[in-house]
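So the chains spell out like this:
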Amino acid sequence: MDKAFLFDLLSVGSVSGNEAELEKKIYDRMQGRADQVSVDEMGNVTAMLNPSAPFTVLLAGHADEIGLMVTAVGSDGTLMVTGVGGIYVTGYPGQKVRIYTKGGVLYGAVANSREIAKNRELKASDLRIDIGAKDREDALRHVALGDTVTFDTDVRELLNGRITGRALDDRLGAFIVMEALEKARQKGASVGCCAVATTGEETTGSGAYAAASRLRPNAAIAVDVTWTSDNCGISEAQTGEIALGKGPVLCNSPSIHKKLNARLRACAERIGIPVQTEAAGGGTATDGDTMHMTGIGVPFALVSIPLRYMHNPAEVASLEDVRQCIDLLAEFLADCTPDMDLKPF
Ligand SMILES: [Zn+2]
């Protein structure tokens, strides 16, 4: 796996609806590494193998991240914002942020005080971003309403092949599906394989909807992150016992396809990869749910990367888990055949 490519993807901002810079990196990277590379009107980049094969599998990893959007500018030149996706508002005060403007990245500091720090009911509309502007007019010379904002954090390597960074959810997934496609090609995959870096997962699901509607796959795999139960995460009673570094996670849910899950499990066993199991009593809150409801209905499964501190400026993941997700998905694509029967009996 190409760590430099991953770290390059993690270096840009891609707040939901503003994924173009990241998608362009993927588009450029995949030239010559797939049979077809395309971008659609929703901004999804799709890399494809065997485009004329009769059976198609779609892998989706979302390229967008959560963040903030500028709503107004105060007379003192500070920016007011709303949340984009599932943010932790109380994580912002006192932090440095990046504002993605037409003229490039601007930096800001989110106002904080003892009063603000004590307010556990803080709303996004209470946040104020100080960009150093003298007043409203000064700020509006540089920032436009609708510009997006992320924490000013970069990926860093931790001990034991672990990394920390912002929005590993789900740029890891977008990276994994592209790397898996390349590997599946080397393994001689014969079915149609589409790896899509989807847009808008954190907010509207529009990217996955458009991709699955257009590509009309016979089966789909969503690749996203999931909470661990090993450190400040969920309790194992909620969704299962999930640990960092213990391998890809397969999900049991009413909508997840049992035969696809069984096939993924068999692939993992064949290539000696450990697999963890989580449960979702309803939807999975991933692109899988969206793709599932397109066209005549698309059978799907979910392959998740264990992630600590999801939706925070310093999420933590294991590169070994990432590598194993790539290997599992490549093996799965190579194992698929056009006559695969996905009916339950
Ligand atoms: Zn996600």
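The structure displayed is predicted, hence computed values, not measured ones.

A. Region of the structure containing the coordination of the zinc ion. Protein coordination at the zinc ion: the donors are H62 (NE2), D169 (OD), D224 (OD) and D224 (OD), at 2.1 to 2.8 Å from the metal. Going along the chain, you hit the donors of the zinc ion in the pattern H-x106-D-x54-D. With H62 in strand β3 (residues 56-62) and D169 in helix α5 (residues 168-186), this pair connects stretches of sequence that are 107 residues apart. Classification of H62 as buried rests on a relative accessible area of 1%.

B. The sheet that holds strand β12 (residues 192-198), seen in detail. Here we have 8 strands laid out as an open sheet, ordered β1-β2-β12-β3-β13-β16-β14-β15, and mixed in their pairing. Two strands close off the open sheet at either side, each with one partner strand: β1 (36-39) and β15 (276-279). Averaged over all neighbouring strand pairs, the angle between strand axes comes to 25 degrees, with direction disregarded. The pairing of β3 with strand β13 (residues 219-227) spans 5 bridges and is classified as parallel. Bridge pairing links L58 to A220 in β13. In the packing of helix α10 (residues 319-335) onto the sheet, the strands contacted are β3, β12, β13 and β16 (300-307), and the crossing angle to β16 comes to about 165 degrees.

C. How the structure looks around the sheet that holds strand β17 (residues 315-318). Pairing within the open sheet is antiparallel, and its 3 strands lie in the order β10-β11-β17. Taken across any chain shown, the strands that pair with only one partner, and hence form the sheet edges, are β10 (156-157) and β17. Against the sheet, α5 engages β11 (162-165) and β17, with an angle of about 30 degrees to β17. Each of β11 and β17 is contacted by α10, which is oriented at about 55 degrees to β17, the strand it contacts most.

D. A look at the domain arrangement of the chain. Segmentation of the chain into domains returns domain 1 (3-65 + 166-335) and domain 2 (67-151). Computed over C-alpha atoms, the centres of domain 1 and domain 2 are 31 Å apart. At the junction of the two partners, domain 1 supplies 13 residues and domain 2 supplies 12 residues. For the pair domain 1 and domain 2, the two sides together bury roughly 1,000 Å², of which 61% comes from carbon and sulfur. By the criterion of area lost to domain 2, the three top residues of domain 1 are V15, R166 and H311, representing 44% of everything that side buries. Inspection of the domain 1/domain 2 interface yields 0 salt bridges. Counting across the interface, domain 1 meets domain 2 through 2 residue pairs in polar contact (both at pLDDT 80 or more). Its residues placed into classes, the side of domain 1 that touches domain 2 shows 3 nonpolar, 7 polar and 3 charged.

E. Examining the packing of helix α2 (residues 20-30) against α5 more closely. Viewed as axis vectors pointing N to C, α2 and α5 meet at an angle of 10 degrees, and their least axial separation amounts to 12 Å. The angle between the axes of α2 and α5 places the two elements in the roughly parallel class. Packed against α2, whose contacting residues are L22, I26, R29 and M30, the element α5 presents R171, A174, M178, E179, L181 and E182 at the interface. By residue class, the composition of the contact of α2 with α5 is 6 nonpolar, no polar and 4 charged.

F. Local environment of unusual backbone geometry. D169 connects to D170 through a cis peptide bond whose omega is 5 degrees. You can see D170 is positioned in helix α5. One non-glycine residue, A285, lies in positive phi territory at about 55 degrees. As for its placement among the helices and strands, A285 is situated in the loop between β15 and α9 (287-292).

G. Representation of the packing of α5 against α10. Where α5 contacts α10, the two axes come as close as 8 Å, and the packing angle between them is 45 degrees. Classified by the angle their axes make, α5 and α10 are oblique. Once α5 is placed against α10, the crossing between them reads as right-handed. Residue-level contacts link L172, F175, I176, E179, A180, K183 and A184 of α5 to V322, C325, I326, D327, L329, A330 and L333 of α10. Per-class residue counts for the contact of α5 with α10 are 11 nonpolar, no polar and 3 charged.

Basis of the calculations
- Residues numbered from 1 in each chain as written.
- Predicted model: local features only at pLDDT ≥ 70, side-chain atom pairs only at ≥ 80, totals over all residues.
- Heavy atoms only, no water.
- Donors = N, O, S within 2.8 Å, 3.2 Å for Na, K, Ca; no water.
- Helix = DSSP H or I, 4+ residues; strand = E, 2+ residues; numbered from the N terminus.
- Buried < 20%, exposed > 50% of the residue type's maximum accessible area, 1.4 Å probe, protein only.
- Pairing = 2+ DSSP bridges.
- Axes fitted to C-alpha atoms, helices over the stretch in contact; angles between N-to-C directions.
- Contact = heavy atoms within 4.5 Å.
- Domains from an automatic or database assignment.
- Buried area = accessible area lost by both parts, 1.4 Å probe.
- Salt bridge = Lys/Arg side-chain N within 4 Å of Asp/Glu carboxyl O.
- Polar contact = N/O pair within 3.5 Å; in protein donor to acceptor, adjacent residues only side chain to side chain.
- Nonpolar A, V, L, I, M, F, W, Y, C, P; charged D, E, K, R; others polar.
- Parallel < 35°, antiparallel > 145°, perpendicular 65-115°, else oblique.
- Left-handed = near helix turned anticlockwise from the far one by under 90°.

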